[in-house]
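Report on the structure
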Amino acid sequence: MMTFLLRVRHWNYPQLPTLASIFSSAGNTLPPKFFHSFSDSEDPNSSPASCADVGKPSLPPLQHSPAADSLCQILIRHHNPFHHMESSLQLHGISLSPHLIHQTLLRLNHHSKIALAFFKYTQSHYPSSSSSPPLVDTAAYNIIINILCKVRQFDVVWQLIMRMDNQESVSKPDFTTFFVLIRRLISAGLTRTAIRAFYDINIFLGNEIFESQFSTCFRYLLDTLCKYGYVKVAVEVFNKEKYRVESDVKMYTVLIYGWCKVGKIEMGRRFFEEMLSRGIEANVVTYNVLLNGICRRASLHPEGRFERVIREAEKVFDEMRERGLEPDVTTYSILLHVYSRAHKPQLCLDKFVMMKEKGICPSIATYTSVVKCLSSCGRIDDAEELLNEMVYHGVSPTAETYNCLFKEYRGRKDVEGAMKLYRRMKNEDSLLLPDMHTYNILLKLLMKLDKMSLVWEIWDDMNAGIGPDLDAYTILIHGLCEKRKWRRACEFFVEMIEKGFLPQKITFDTLYRGLIQADMLRTWRRLKKKLEEESVSFGSEFKEYLLKPYKR
């Protein structure tokens, strides 16, 4: 058994300049860029939730901040695990503010240990004047809680929440704190723990506040359970608490979505009929959820199944109109996605044109579905033309839209086309940087075709931006193992562990078998010894936190 602990990579560091001097000149050396590392479902345009106004949980938005970009890069490149924030001396001269702390933490989304080290450092600093707001506010706590939850350090998260609840603390937990925790617990499969955390809200926020917002919080709990496929747990909780909440169209829509999510369309229809029988009128969102369930999970091959799905979808359209509801852009986007899955580019384009003729403006999702259909059918030129049309009509394509084209290039093994689009995305559309999925698609393509110079170009771009995630490290290490580049694979394996990513078992086994078969037992022993030494000499900067070691 080997114990892997969250460590930051320790090599022979050269003498570093002071952080203040680097920071003052960083604007000339580090170009300002947006780091698209925000979590997958929070809305970057929304404002933080407060106890008085409970809506969708939202962290501070990711904003353009050259200071945060520069500070983030300095922390990633020069963090020394044996001297906390380089003995913290190098940060002297930098004027920290709540906004700078927020933006820096958001950019450290994939660097949990460095984020925690920076967060701890900020706690030892105080505002320049007594009238200024605290540097580490509730929003900063919520961001670091989200980062730690993503690497499943839930014990540390509870420590932070308890610290927030301390009488001396001015940064108290709010609904967003618990919404983030509940969502991450459910995504990790810890549904019962998430439900207990839900009922713990009244302990930290007060029973009066909790009861006044119970319906909204309860709906969020059900919605999150359903989104991650735990609809049976959601129904169980709903039946337990239905006497406390009013069953409205939103509540039923959440449960209908949950059943459709797991492919139980008949159960979704049963809840739909129950809703109507209780006199609750369905809205467009409810019909869209039902339509999505019919279309998204259905098998579309052979041709007869596709036609059956389309007939059922048309029935939903007719029923909507009978009730005086007109299909909206989401309704059409769902149908366009069906045509895309069935590889029906002409039908997709015809329905797209018909939608525009009805005066419905296409959304990003609508355009993305059509671009995906055209790309998967080999009509790259048409897809790029539609991409230009999006921009002309003021609809900014997302990284997901570009990824449809990247996937087609990967399928064609067209390195030239993929890199041309990547450089266009990087240079011309400077406000839209590639996301992690984009980088991983390109890494898979380039590793498979042994284009190592381009692999390192992509890797350097990733490190200069949002930083590699678990999937990126896994793709790189497996690719290096296939090419029998064992030392580089070991190097990135150690780096991966030190950045706080738990390797998948298959990665560990692949590297182990490869080193043994390559008669590199000594290298394996050195690797094992290094990791065990790091485990024993775990940095003192985190001894106060209940960080869980990695075990394999």
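Residues numbered from 1 in each chain as written. Predicted model: local features only at pLDDT ≥ 70, side-chain atom pairs only at ≥ 80, totals over all residues. Heavy atoms only, no water.

**Describing the nonpolar core**
Ranked by size, the top nonpolar core spans 171 residues in total, and within it Leu105, Ile144, Phe198, Phe218, Phe406, Ile458 and Leu511 carry the most contacts. Apart from residues lying up to four places away in sequence, leucine 105 is in contact with Ala115, Phe118, Phe119, Ala140, Ile143, Ile144 and Ile147. (Core = buried A, V, L, I, M, F, W, Y, C linked by side-chain atoms within 4.5 Å. Buried < 20%, exposed > 50% of the residue type's maximum accessible area, 1.4 Å probe, protein only. Contact = heavy atoms within 4.5 Å.)

**Some remarks on a nonpolar patch on the surface**
Judged by side-chain polarity, Tyr512, Ile516 and Leu521 come together as a nonpolar surface patch covering roughly 230 Å² of accessible area. Tracing the chain through its elements places tyrosine 512 in helix α27 (residues 505-517). Its relative accessible area of 36% is what places tyrosine 512 among the partly exposed residues. (Patch = residues over 30% accessible without salt bridge, like charges linked within 9 Å, V, L, I, M, F, W, Y side chains within 5 Å. Areas by Shrake-Rupley, 256 points an atom, 1.4 Å probe, with all protein chains shown as cover. Salt bridge = Lys/Arg side-chain N within 4 Å of Asp/Glu carboxyl O. Helix = DSSP H or I, 4+ residues; strand = E, 2+ residues; numbered from the N terminus.)

**Thoughts on the environment of tyrosine 220**
Considering the arrangement of structural elements, one finds tyrosine 220 in helix α11 (residues 214-227). A relative accessible area of 14% means that tyrosine 220 is categorised as buried. Tyrosine 220 sits 34 residues away from valine 254 along the chain, and the two C-alpha atoms are 9.2 Å apart.

**Regarding unusual backbone geometry**
Although it is not a glycine, lysine 413 sits at a positive phi angle of roughly 60°. Tracing the backbone through its elements, the reader meets lysine 413 in the loop between α21 (399-412) and α22 (415-427). Phi angles above zero are rare outside glycine, and aspartate 450 is one such case at about 60°. The residue aspartate 450 is located in the loop between α23 (436-448) and α24 (452-464) in this model. In this structure aspartate 450 comes out as partly exposed when scored by relative accessible area, which is 47%.

**Considerations on the packing of helix α26 (residues 486-498) against α27**
Geometrically, a packed helix pair is captured by the angle between its two axes and the distance between the axes. At their nearest, the axes of α26 and α27 sit 11 Å apart, and the two run at 145° to each other. Considering only the axes of α26 and α27, their crossing is left-handed. For the pair formed by α26 and α27, the contact residues are Trp486, Ala489, Cys490 and Phe493 on the first element and Thr507, Phe508, Thr510, Leu511, Gly514 and Leu515 on the second. Tallied by class, the residues present in the contact of α26 with α27 amount to seven nonpolar, three polar and no charged. (Axes fitted to C-alpha atoms, helices over the stretch in contact; angles between N-to-C directions. Left-handed = near helix turned anticlockwise from the far one by under 90°. Nonpolar A, V, L, I, M, F, W, Y, C, P; charged D, E, K, R; others polar.)

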